[in-house]
Amino acid sequence: MKLKWVGALAMAFSVAAAPAAAAEGPAEDFKGLSYEYGEISSDVVASSKLFGFDSGLDFEYPDAVRGVYVTGHSAGGEKFGRLVNLIENTDLNAMVIDIKDDFGYLTYEPSEDSPLRELEIGQPYIKDPRAMLEQLEEKQIYPIARVVVFKDTVLAENRPDLSYTNGGQVWKNGRKEAFVSPFMKEVWDYNVEIAIEAAKLGFKEIQFDYVRFPEGFETRADTLQYSFGEYENSELDPVQRRVQAVTDFVAYAREQLQPYDVDVSVDIFGYSATLPEAPGIGQNFSKISENVDVISSMIYPSHWTSYFGIAKPDLEPYRLVSEYAKVENEKLAALENPPVSRPWLQDFTASYLGSGNYKRYGKEEVEAQIKALNDAGIDEFLLWNAGNNYTEGVDYTP
């Protein structure tokens, strides 16, 4: 399948995003929209009925978002009904639904008049996304669109110039996944256009995932071939240049989405909050947090090494989450306008850790993580299970 990347998409994007203007500078420049006749506050534009977009669907923000992850296959298949029933019969109230998945495909086929149609990346997993959202509206289940950004094998293979190459071939990690570069503004616009269509469909929040360089990029930065785009002449050191590109994308995306009345959230590695920044992947917890409405740290106990003095974190879900929350609370308290904290929690068993290093996760372990957040003053959370098979009988407000 050949990806059609045509000038028409760029033109469609400029119309769809109006009147938000594409800023040229770094994150600190995303404070107003510049026009020939002066400055117009982006806050005014975002709140204006003239410039605002109304999807026609009405969702109330819950008392606190308590959600589950839903793949495109689940959202478009028989499992969707079971997930709706789970939420209706518990204190859960939200779904994070894949709209652009981990491979780079859309999980639905765009309509004939959609600018995304030209990209030829639609898959028929969700047959009618609008009908799905109308069902969620009827049940008042808060809809969040997950858009995987810089992990994108489809775009990388079709546009190697937007990716990283090695010996003339697109570089892939050990899981055979390819990435596209956060340095490339064309990649930003590509993903923002997808986010805008999700907002038009009726989603109330856009959650960007894989907002980063590939893991371990610091060991490959000098050997892979790739373009620095507009960052070519940056005087920042390599780490800060990566941080700047990732932060700039988040600020840019939020600015472009303002007229569409959606919140913007970003998934981020939990350990990023424990460091000044994650040097290889370009994630600075505080800088990203300053440019989003919601920050969702992935704090699955199974994913930590012996942080916080806990030798086997998967065996101590309450303690791990509690120790993490202390660090995050301190980081967010230092910000002038901190986002909502809504961490990702573990509802799966990490048997791959090996005997003695993991435990079977069920009701007790899920509740322990939620209680640790609640005890730290954090009321929102999301549950991750890759197969969307969530533990039954959990008290989600322990």
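Bear in mind the structure is a predicted one, so any value in this text is a computation, not a measurement.

> Just to check I follow, could you spell out unusual backbone geometry for this structure?
Most peptide bonds adopt trans geometry, and most residues besides glycine take a negative phi value. Here the phi dihedral of Tyr210 falls at roughly 50°; this positive angle occurs in a residue that is not glycine. The backbone of Asp261 shows a phi angle near 55°, a positive value even though the residue is not glycine. Checked against the element boundaries, Asp261 lands in the loop between helix H8 (238–257) and strand E9 (263–269). A relative accessible area of 52% means that Asp261 is categorised as exposed.

> Help me understand the pairing of strand E5 (residues 142–148) in this model?
Counting buried positions along E5 gives seven out of seven residues, so the element sits mostly inside the fold. Side chains of E5 alternate between two faces, with Tyr142, Ile144, Arg146 and Val148 and Pro143, Ala145 and Val147 buried alike. Relative to E5, strand E4 (residues 94–100) runs parallel, the two being bridged by six bridges. Each bridged residue has a counterpart across the sheet, and for Lys100 the counterpart in E5 is Val147. Considered for its hand, the β-α-β crossover made up of E4, helix H5 (residues 129–139) and E5 is right-handed. Inspection of the sheet shows E5 paired to strand E8 (residues 205–209) by five bridges, in the parallel sense.

> What's the story with the pattern of salt bridges in this structure? I'm lost.
Side chains carrying opposite charge are able to pair once their charged atoms draw close together. Per the stated rule, a full pass over the model turns up 27 salt bridges. Here the salt bridges share partners, and the residues they tie into one network are Asp98, Asp102, Arg146, Lys151, Arg175, Glu177, Asp209, Arg212 and Glu215.

> Just to check I follow, could you spell out helix H11 (residues 363–375) for this structure?
When the terminal C-alpha atoms of H11 are compared, their 18 Å separation across 13 residues agrees well with the 18 Å that a helix rising 1.5 Å per residue should span. Listing the buried residues of H11 in full gives Glu365, Val366, Glu367, Ala368, Gln369, Ile370, Ala372 and Leu373. If you follow the buried residues of H11, they end up packed against helix H10 (317–333), strand E12 (344–346) and strand E13 (381–384). Trailing H11 by a residue or two, Gly377 shows a phi angle of about 85°, which is positive.

> Is there a simple way to think about the packing of helix H7 (residues 185–201) against H8 in this case?
When two helices pack together, their arrangement is captured by the angle between the axes and the distance separating the axes. At a minimum axis separation of 10 Å, H7 and H8 run at an interaxial angle of 35°. The chirality of how H7 crosses H8 is right-handed. Facing H7, whose interface residues are Lys185, Trp188, Asp189, Val192, Ala195 and Ile196, H8 presents Ala245, Asp248, Phe249, Tyr252, Ala253, Gln256 and Leu257. Residues of the contact of H7 with H8, tallied by class, amount to nine nonpolar, one polar and three charged.

> Is there a simple way to think about the packing of helix H4 (residues 79–88) against H5 in this case?
Two elements in contact, H4 and H5, have axes separated by 11 Å at closest approach and are oriented at 20°. The orientation of H4 with respect to H5, classified from their angle, is roughly parallel. Seen from above, H4 lies across H5 with right-handed handedness. Across the interface between the two elements, Phe80, Val84 and Glu88 of H4 pack against Met132, Gln135, Leu136 and Lys139 of H5.

> It is not clear to me how the nonpolar core should be interpreted in this structure. Could you clarify?
The biggest cluster of nonpolar side chains holds 116 residues, and the ones touching the most others in it are Met95, Ile97, Ile206, Phe208, Val211 and Phe249. For this core, the element with the highest residue contribution is H7, accounting for 10 residues. Not counting residues within four places of it along the chain, the set of residues in contact with Phe208 comprises Val147, Val149, Asn191, Ala195, Phe249, Ala253, Leu257, Val264, Ser265, Val266 and Asp267.

> Any chance you could explain the confidence of the model for the protein here in plain terms?
Caution applies to low-pLDDT regions: their predicted coordinates should not be interpreted in detail. Summarising the model, the protein shows a mean pLDDT of 90, and 87% of its residues fall at 70 or more. Scored below 50 in pLDDT, residues 1–40 makes 83 contacts in the model with residues more than four places away or belonging to other chains. Low pLDDT, under 50, characterises residues 45–50; the predicted model gives this stretch six contacts beyond four residues in sequence or across chains.

Rules used in this analysis
Residues numbered from 1 in each chain as written. Predicted model: local features only at pLDDT ≥ 70, side-chain atom pairs only at ≥ 80, totals over all residues. Heavy atoms only, no water. Helix = DSSP H or I, 4+ residues; strand = E, 2+ residues; numbered from the N terminus. Buried < 20%, exposed > 50% of the residue type's maximum accessible area, 1.4 Å probe, protein only. Pairing = 2+ DSSP bridges. Right-handed = clockwise from strand over helix to strand, strands pointing away. Salt bridge = Lys/Arg side-chain N within 4 Å of Asp/Glu carboxyl O. Expected span 1.5 Å × (residues − 1). Contact = heavy atoms within 4.5 Å. Axes fitted to C-alpha atoms, helices over the stretch in contact; angles between N-to-C directions. Left-handed = near helix turned anticlockwise from the far one by under 90°. Nonpolar A, V, L, I, M, F, W, Y, C, P; charged D, E, K, R; others polar. Parallel < 35°, antiparallel > 145°, perpendicular 65-115°, else oblique. Core = buried A, V, L, I, M, F, W, Y, C linked by side-chain atoms within 4.5 Å. pLDDT = per-residue confidence, 0-100.

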